[in-house]
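# Per-entry structural report
One letter stands for each residue in the lines below.
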Amino acid sequence: ARHTMDYFVHKDLGGFLRRELDVFLKTQVMHLGDLVSDESGDMAQHVLTRMRVVRQIAHRIIDFLAQIEDFQKRLFEKRKFVVQTDYCITLDQVPEDFYPQILANEAQLDAWRELYAIDDWPEDLFWQGTFDEVFLEHHPHLMIDTAFFDRDFKARLLATFDDLDGATDGVLIHSENFQALNLLLSKFAARIGVIFIDPPYNTGNEDFLYKDNYRHSSWISMMESRLSLASRMMAQAGSLWLTVDQTESAHCRMLCEQHIAGLNYLSSVAWEKVYSPRMDAKQFSSSYDTVLVSAREVDWRPNPLIVDPDLDQFPHVAEDGRRYRSDPLRKWGKNSLRQDRPNLWYPITAPGGEVVWPIKPDGTEGCWRWGRERVERNYDELDWLDKGHGLQPYLRQYADESNERPPETLWPYNIAGSTHEAQEELKGLFSGSVFSTPKPTRLVQHAIRIGDTKDSKILDFFAGSGTTAQAVMELNREDQGKRGYILVEMGDYFDTVLKPRILKVALSAKWKDGVPQDRDGMSHMIKYHRIESYEDALNNIRVRQSQGRQLELLREFDDYMLHYMLDFETRDSPSLLAQEAFEKPFDYTLRIQQGHESPEDTTVDLVETFHYLIGMHVRRLEQYEHQGRTYVVSRGDVRTERGIEHVVTIWRDTEGLDLEQEADWVNTEVLTELVDRVYVNGYENLIDNAEPTEITFRQRMEADVHGA
């Protein structure tokens, strides 16, 4: 009972308890000393009889406990339902014929007033006190939220995108992170370029949402289960960046070095998080946190950092306008004498015919930096100057050729930001302190610059205040990159800080006290989900009530009661995908708890859940009407071992369908292009080559989380 479900992921409780029982019987029941002195053998027989009775009773108890534990583990590890999917989209991506409906939506307008502090805008932001089409045209980077609109509006809007997932810049998931990673795995396996996470530091800080005072072993167990899933999502050239303080640094490094398959620890970086000491420190004032760097490949190579050169060191201007300095071809410093490199002691003839040797100003025989062949090959690139010590050849070193350097293991605050800077960033966006432990965007950007390409997917499954999203957005703005991000967060500040932060950064690059200072925004689109939790799965379990003779039969079949009852008696539970889900897929509900509110009936998004289960990149999402009912059709691509499959999924209510009429309509009006696979909910259908969704849905939902 003292162990959490997290601790027993991957564990066999029944086997564990049986082993403990054997140890107990040998040490507490069987006393060898008494048995040796028992000449008659009566005591030995008594002890063995007692052991058999204890083992028999204990095994029955263990079997029942193991059934409960295995059932809980099944609920914990099953892939969870998506219970909400909505989009936030900047107005520049919304066709103008949607504007009247947007302007008539008071909930959306009120959300804008609150989020963007519109009533406090400076005059040059074109706020005239009225929402109208002119206002929308002047502010193309305002973001609408489809949660404020009905299903028809949302369906029509999403249908305007030819590549819906491709147009989506970020994915936000409100969920416990193990459950989110488990659901995301099929879609993003081997596709994540950079993982940046800032997990709980295990310091016991009561203000932190996560349980933050784990024992070391429990903290490591929590991290191991998440990192094992995340490592399978990393691309071949992917890297993992994990911030941690002294409390768990050594344990976490050991975890990355030895226990996560496909993850290779590379280095530890010291990030200078503060620039002044804490005067109330009892021993040492902590000035840095550690960033542990791991990668899928042992020989992973980081991107070099581009630094601005000190132009004062490049005083000359070339014919093409580039600045340069003249570095002597004669070698200086270590190994610069003739006896050190005798093969680099030779004469060079100047353009005027003078023969020059590498002789130092004090008359010492030195050597050249280049060999004879290289000098001959690049002779025209040499400058010949007399700086008071006779004519000598010089090399041109251009400023733009010396601005790359390898990343270092010390990141000072003036490069990677500080915790104070992180708080100031949020204060500018929200006019006050809204999150106690943010990281600065420059820290995340520094890691991304070293680890990514300009089109990488960036994953953060301890997303907190959303720093990673802002870091990616600003980098894309800076270098016109196409990076995407995936953020997972379980806290209430998903709605109060994380999502609003992204919407604010999309509207304006500069904020002060929660008010935008310019209209230098960016085109942006995010998809956000809420996912069923493990507690929700438990709350939606229904055990069939057995009565009369049926109950007597259950009691008679002891093996069934101890080993199989929970699996069979709960199979119609909403948590485990009751058959009714496929009969009326748009009306399937679960009792879902949001925050501290009482659970409410919430419609499950079976369409989006299935997209994740099969790993589908959705290109088109469309809505049709036929036979007096709604059809939702998605078209996209699924990666398989055989290559890319073009897939279509079709969802509709199955009650009262004319199957022949439906098949004619689908084959002529919906399946208008060549596809490799078609999924349709319902076992009975006449659509060409269609597969019932149910089989794949059930298989993928309870697939082994530890499998390949």
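The notes below deal with the structure included here. Keep in mind it's a predicted model, so treat the numbers as computed, not measured.

## A word on the packing of helix H24 (residues 606–614) against helix H26 (residues 693–701)
- At a minimum axis separation of 10 Å, H24 and H26 run at an interaxial angle of 65 degrees. Crossing angle aside, the handedness with which H24 passes H26 is left-handed. Contacts from Leu606, Thr609, Phe610, Leu613 and Ile614 of H24 reach H26 at Thr693, Thr696, Phe697, Arg700 and Met701.
- Partitioned by chemical class, the residues of the contact of H24 with H26 number six nonpolar, three polar and one charged.

## Comments concerning the packing of helix H15 (residues 419–430) against helix H18 (residues 493–507)
- Taken N-terminus to C-terminus, the directions of H15 and H18 make an angle of 75 degrees; their axes are 10 Å apart at the nearest point. Classed by the angle they form, the pair H15 and H18 counts as roughly perpendicular. Contact residues: Glu425, Leu426, Leu429 and Phe430 in H15; Thr496, Val497, Pro500, Arg501, Lys504 and Val505 in H18.
- By residue class, the composition of the contact of H15 with H18 is six nonpolar, one polar and three charged.

## Considering the nonpolar core
- Trp112 and Tyr116 are the most contacted members of the largest nonpolar core, which has 149 residues in total.
- Top element by residues in this core is H18. It accounts for nine residues.
- In terms of nonpolar packing, the next biggest core, distinct from the first, is built from 13 residues, Ile650, Leu657, Val666 and Val680 among them.

## Some details on the sheet that holds strand E10 (residues 323–328)
- On the basis of which strands lie adjacent, the open sheet formed by four strands has the order E9-E10-E14-E13 and antiparallel pairing. For this open sheet the edge positions go to strand E9 (316–317) and strand E13 (383–386), each flanked by a neighbour on one side alone.
- For E10 and strand E14 (residues 391–398), the ladder comprises five bridges, and the chain directions are antiparallel. Across the sheet, residue Tyr324 finds its bridge partner in E14, namely Tyr398.

Definitions and cut-offs
Residues numbered from 1 in each chain as written. Predicted model: local features only at pLDDT ≥ 70, side-chain atom pairs only at ≥ 80, totals over all residues. Heavy atoms only, no water. Axes fitted to C-alpha atoms, helices over the stretch in contact; angles between N-to-C directions. Helix = DSSP H or I, 4+ residues; strand = E, 2+ residues; numbered from the N terminus. Left-handed = near helix turned anticlockwise from the far one by under 90°. Contact = heavy atoms within 4.5 Å. Nonpolar A, V, L, I, M, F, W, Y, C, P; charged D, E, K, R; others polar. Parallel < 35°, antiparallel > 145°, perpendicular 65-115°, else oblique. Core = buried A, V, L, I, M, F, W, Y, C linked by side-chain atoms within 4.5 Å. Buried < 20%, exposed > 50% of the residue type's maximum accessible area, 1.4 Å probe, protein only. Pairing = 2+ DSSP bridges.

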